[in-house]
Amino acid sequence: MQDTAINNVQPVAKQNKLIIYFLLLWTALNILQAATLEVHADEAYYWLYSRFMDWGYYDHPPMVAVFIRAGYGLIHNSFGLRLLTVICSSLSLWFIWLTLKKYRVDALTFILVVSGIFVFHIYGFITTPDAPLLIFTVLFLFFLQQYLEQDSWKLALILGVIAACLLYSKYHGILLLGCTVISSPKLFKRASFYGIVVLALVLFIPHILWQVNNEFPSISYHLAERSDKPYDLSFSYNYPLGQLLMAGPLIGWLLFYKGFTLRMKDAFTRVLLVNSIGILLFFFLTSFKGEVQLHWTLIAYVPLCMLALIHFTQPGSKPAWFNRLAIINIGLIVFVRLLIIAGPPILKQMHALRIFYDFEDWAKLVHDKAGDNYVIFNEGFQNPSKYNFYNNTLKGFDYDPRYYRRTQYEFWPIEDSLQHKRAYYVLEHPQPGFSTDTINTPAGTWYGGWVDDVRTYQKIEFEATEKEEVVAPGQQKVFDLTFKNPYRVPVSFSNKGQLHQVIFEASFIVDTDVFSSQRADDNFYNISLKPGETAHFKFNVTAPAKPGKYQLVFSLLTDPFNGGRNSKAIAYTVK
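One structure accompanies this document, and this report is about it. Every chain begins its residue count from 1, and numbering advances along the sequence as written. Residues qualify for local features only when their pLDDT is at least 70, as the model is predicted, and side-chain atom pairs are given and counted only at 80 or more; totals for whole chains, interfaces and linings, by contrast, use all residues. Neither water nor hydrogens contribute to the side-chain values; these are computed over all heavy atoms in the structure.

## What to know about the overall build of the protein chain
Argument step 1. When its secondary structure is counted, the protein chain shows 20 helices and 14 strands.
Argument step 2. Our radius of gyration looks at C-alpha atoms and nothing else; its globule reference is 2.2 Å times the residue count to the power 0.38. Taking 25 Å as the expected radius of gyration for a compact globule of 575 residues, we find that the protein chain reaches 27 Å, a close match to that expectation.
Argument step 3. When a residue's accessible area, from a 1.4 Å probe over protein chains only, is under 20% of the maximum for its type it is buried; when over 50% it is exposed; and in between it is partly exposed. Within the protein chain, the fraction of its 575 residues that count as buried is 54%.
Argument step 4. Within the protein chain, residue pairs in contact and separated by at least 24 positions form 74% of the contacts whose partners lie at least 6 positions apart.
Argument step 5. Of the accessible surface of the protein chain, which amounts to about 25700 Å², a share of 61% is contributed by carbon and sulfur atoms.
Argument step 6. When the 49 basic and 44 acidic side-chain charges of the protein chain are each reduced to a single mean position, those positions are 10 Å apart. By the criteria applied, helices consist of DSSP H or I runs no shorter than four residues and strands consist of E runs no shorter than two, each listed in order from the N terminus. The contact criterion used is simple: two residues touch if any of their non-hydrogen atoms lie within 4.5 Å. Accessible surface area values rest on a Shrake-Rupley calculation with a 1.4 Å probe, where residue burial reflects the displayed protein chains alone. A positive count includes Lys and Arg, and a negative count includes Asp and Glu. His and the chain ends are not counted in either. Taken as the charge location is NZ of Lys, CZ of Arg, CG of Asp or CD of Glu.

## Comments concerning the packing of helix α7 (residues 130-149) against helix α9 (residues 173-183)
Argument step 1. Two elements in contact, α7 and α9, have axes separated by 11 Å at closest approach and are oriented at 15°. In this view, α7 runs roughly parallel relative to α9, as classed from their interaxial angle. When you trace α7 past α9, the crossing you get is right-handed. Counted together, L133, T137, F140 and L144 of α7 and G173, L176, L177 and T180 of α9 form the full contact between these two elements.
Argument step 2. Note on residue classes: Ala, Val, Leu, Ile, Met, Phe, Trp, Tyr, Cys and Pro are nonpolar, Asp, Glu, Lys and Arg are charged, and everything else, Gly too, is polar. Considering only residue class, the contact of α7 with α9 consists of five nonpolar, three polar and no charged. A fitted line through C-alpha atoms represents every axis, and for helices the fit uses only the stretch in contact; the resulting angles, taken between N-to-C directions, go from 0 to 180 degrees. Roughly parallel here means an angle under 35 degrees, roughly antiparallel means over 145, roughly perpendicular means 65 to 115, and every remaining angle is called oblique. Whether a crossing is left-handed or right-handed is set by the direction in which the near helix is turned from the far one by less than a right angle, anticlockwise for left-handed and clockwise for right-handed.

## Observations concerning α7
Argument step 1. When the terminal C-alpha atoms of α7 are compared, their 29 Å separation across 20 residues agrees well with the 28 Å that a helix rising 1.5 Å per residue should span.
Argument step 2. The buried fraction of α7 amounts to 18 of the 20 residues, a majority that puts the element mostly inside the structure. Given the number of residues in a helix, its expected span is that number minus one, multiplied by 1.5 Å.

## Quick word on the sheet that holds strand β6 (residues 468-471)
Argument step 1. The strand order across the open sheet formed by five strands is β6-β14-β13-β9-β10, and the pairing between neighbours is mixed. Each having just a single partner strand, β6 and β10 (513-519) make up the two edges of the open sheet. Across this sheet, the average inter-strand angle for adjacent strands is 30°, counted without regard to direction.
Argument step 2. Here β6 runs beside strand β14 (residues 570-574); their pairing, made up of four bridges, is parallel. Note that in β14 the partner of V471 across the bridge is V574. Here, any two strands with at least 2 DSSP bridges between them count as paired.

## Structural notes on the packing of aromatic side chains
Argument step 1. Here the aromatic set is Phe, Tyr and Trp, taking the six-membered ring for Trp, and pairing holds for ring centres within 6.5 Å; pairs whose planes are under 30 degrees apart are stacked, those over 60 apart are edge-to-face, and all others are tilted. Taken as a whole, this structure holds 63 aromatic pairs when the rule is applied.
Argument step 2. Centroid distance W55 to Y168: 6.0 Å. Interplanar angle 45°. Geometry classified as tilted. Residue W55 is located in the loop between α2 (41-51) and α3 (63-74), and its partner Y168 is located in helix α8 (residues 153-169); the two are separated by 113 residues in the primary sequence.
Argument step 3. Here W55 falls in the partly exposed class, since its relative accessible area comes to 48%.
Argument step 4. Ring geometry for W253 versus W321: centroids 6.1 Å apart, planes at 25°, classification stacked. Residue W253 is found in helix α13 (residues 252-260), and its partner W321 is found in the loop between α15 (301-312) and α16 (322-342); the two are separated by 68 residues along the sequence.
Argument step 5. By relative accessible area, which is 45% here, W253 ends up partly exposed.
Argument step 6. Relative accessible area serves as the criterion here: at 37%, W321 is assigned to the partly exposed category.
Argument step 7. The criterion for a charge sitting over a ring is simple: Lys NZ or Arg CZ within 6 Å of the ring centre, and within 35 degrees of the ring normal. Over the ring of W450 we find R422; its NZ or CZ atom is 4.1 Å from the centre of that ring.
Argument step 8. Across from the ring centre of F479, 5.7 Å away, lies the NZ or CZ of K477, which sits over that ring.

## Topic: a nonpolar patch on the surface
Argument step 1. Taken together, the side chains of Y231, L233, Y237, L241, L244, W253, F260, I277, L281, L285, F288 and W321 define a hydrophobic patch exposed on the protein surface, amounting to about 1200 Å² of accessible area.
Argument step 2. Elements supplying a minimum of two residues to the nonpolar patch: α12 (233-247), α13 and α14 (267-286).
Argument step 3. If one sorts the elements of the nonpolar patch by residue count, α12 sits on top with four residues.
Argument step 4. Look at L233 and you get exposed, because its relative accessible area is 54%. The patches described consist of residues with a relative accessible area above 30% and no salt bridge, like charges being joined within 9 Å and nonpolar side chains (Val, Leu, Ile, Met, Phe, Trp, Tyr) within 5 Å. Any carboxyl oxygen of Asp or Glu within 4 Å of a side-chain nitrogen of Lys or Arg constitutes a salt bridge here.

## Comments concerning the sheet that holds strand β3 (residues 423-427)
Whether parallel or antiparallel, the strands of a sheet pair through hydrogen bonds between backbone atoms.
Argument step 1. Strand order in the open sheet formed by five strands is β2-β1-β3-β5-β4, with mixed pairing between adjacent strands. With partners counted over all chains shown, the strands left at the sheet margins are β2 (396-398) and β4 (437-441), one partner each. Going from strand to strand, the sheet's axes swing by 30° on average, the running direction of each strand aside.
Argument step 2. Of the strand pairs in this sheet, strand β1 (residues 374-377) and β2 are connected by three bridges, and their pairing is parallel. Bridge pairing in β2 links I376 to F397.
Argument step 3. Contacts from helix α18 (residues 359-370) reach β1, β3, β4 and β5 (444-451), with the element oriented near 155° to β4.
Argument step 4. Across the sheet, helix α19 (residues 382-391) lies against β1, β2 and β5, angled at about 165° from β2, the strand it touches most.

## Concerning the environment of W97
Argument step 1. Structurally, W97 can be placed in helix α4 (residues 78-100).
Argument step 2. When near neighbours in sequence (up to four residues on either side) are disregarded, W97 contacts Q15, N16, I19, V105, D106, A107 and F110.

## Some remarks on helix α5 (residues 107-114)
Argument step 1. Within α5, seven of the eight residues are buried, which leaves the element mostly enclosed by the surrounding structure.
Argument step 2. Among the residues of α5, those classed as buried are A107, T109, F110, I111, L112, V113 and V114.
Argument step 3. N or O atoms closer than or at 3.5 Å make up a polar contact, with two conditions inside protein: a donor-capable atom paired with an acceptor-capable one, and, for residues adjacent in sequence, both atoms drawn from side chains. Measuring from the backbone nitrogen of L108 back to the side-chain oxygen at the start of α5 gives 3.2 Å, which picks out D106 as the cap.

## Section: the environment of V64
Argument step 1. By the secondary structure assignment, V64 is in helix α3.
Argument step 2. Look at V64 and you get buried, because its relative accessible area is 0%.
Argument step 3. Distance in space between the C-alpha atoms of V64 and L84 is 9.9 Å, their sequence separation being 20 residues.
Argument step 4. Not counting chain neighbours up to four residues away, the residues in contact with V64 comprise Y46, Y49, T127, T128, P129 and P132.

These values are about where atoms sit, not about what they do.
So this is what it looks like as C-alpha cells:
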C-alpha cells in the first residue's frame, strides 16, 4: 500500500513542478515587458487615481488605484506601476491549476491552453481595472468550488470579501456574481449564502456612498454617456471575430467548441458554463447598443478555459493535432509580444500601438517648455496623464472639449488650483493667433502657447429634464437648465474686468465636430453663485435648419479654449 501511495504522489509532484517552471517563464516574460514598454495612457490615468485615493472614480471603482499605489510605492517607475499585475497574473494561473486538480487535468495541456489565450497575455503586465478583476475572478471560483461541496461559514466569509473585491475592481464583476447565483439556485437554501451577500454589500457601502454623494457619475457614464455613438452594424459582427482573437488566434474556436459542448459533471461545471455563456452573451447583446471593447469579456475566459480543459480529460476529446497547433499559437503570441518590446518603426505607426512609444521623451520636451507651471491639454485624458506620470507631477490638466466625454479630471482639484494662474496650453493642431511654439518630438508634433489668468468652468454641469428631442428645422425649444457651483469659492459669470470673456453656448454636434452654436442671452452673465448654491437658466435653443441627427451640448467657453462639455448630450433629431 505504501508503494501505491508513492506512485500516486509522484505524478502529481511532477505535474506541479512543470507548472512552476511554466509560471517562472510566464513571470519572466511579463517582467521583461512591464519593465521595458512605456505605460499605456490608461495606466497613466489610473496612476493619477492612486495619487488621489478615493472610494470611487468617474470611470471605475478604486481597486486599480490600490494595485498601483502598492507597487509604485515600492518601485517609482513603470515597472512599479505594473508590479502587482505581474504578480497577480502568475497567481491567477496557479489558482486556475489548483481549481482544476479535481478533474485530473494534464499539466502540459493546461500550459498550452492558458498560455494560448491572448487576453491573459494582455493582462499579464498592463495595469487597468481588469488586472485586479482577473485575480479576484479566479479566487472567487477557487473558493466557490469548495463552498459548493461544503456549506461552511468560513468559506462564506472568504467569498463575501472576494465578492466585494470583485465589485471594487470593475463593475463587470456583478456579471460573475449574477451568473453564479442563476446557475446555483440551491444556494438560496443556505443561511451562509445570505451571509456572503450581506458581507459583500456592507464592504461595498463606502463606494455606494461615494456614488450617492457625487450624484451617481459612474452609472450615468456607463449606462448613457459612454454609448452615445450612433449604432453601427460593425459593432455586432466584429464582436464574435474579436472574441475568437481574445481566446487565441489559432485555438480560440476550439476552446469555444470544447467549452460549450462539455456535459455538466457537477454543480461547479454548471457555474462555469453559465458564466462563460452568460457573460459573452451579455456583451454581444450590449454591442447592439454601442461599441464593445474586446477585453471587456476577460472574466468569461477563466470559466471557458476551465471547461475546455475539463473536456480534454475525456477519452478521445483532445485532437491529436492540438499540441502542435497550440505550440504554433503560443509562438505567434510570444513573437508579437517580443516584437512590441523591440518597437520597430512599423509598429510605431500603428494606431493601437504607437501610444506605447516615445511619450516619455515627449513628456520631458513639453515640460522643458512649460517649466514648473500648469499645463493644459485639450485632446482627452490620455496625454495629460502621461505628462503627469513621466514628470511625476500633478500639474497636467485635461480640458475636456464639448465634443469629448467628461473624465475624472472634473473631480480632481487640479482645475481649482490653476485658476487665474499662468499656464501653458498644448494642442495637437496650431491655433492661429495663439500657439507660438512648435514642439517636435519622436511621438509627433504639438503646438503650444501661454495663457495668462486662466479662467475655466469644467466642473459646472447644466442639467435638463429632456433626454431626446424630435423637432422641425428651425423650431425653437426652451430648456430650463439647473446648475450649481461645485467649487469651494464663489463663481461669477460676469465679464466685467475679466481678461478672458466667458460665453455660454448651446452647441449642436455631429460626430466630433461642432455643427453650429448659439449664445445665451445677456441675463446669464448676471449670475453669481456661492459655493454649493443652485440656479436656473432658461435657454431658448433654435434647431438647425438642416435635417439630421445631432447631439445638443451646453458649453462654457473662455479664450483660448474651445468650450467645455458642461452637460450630458441630448439626442436631437431634426426632420
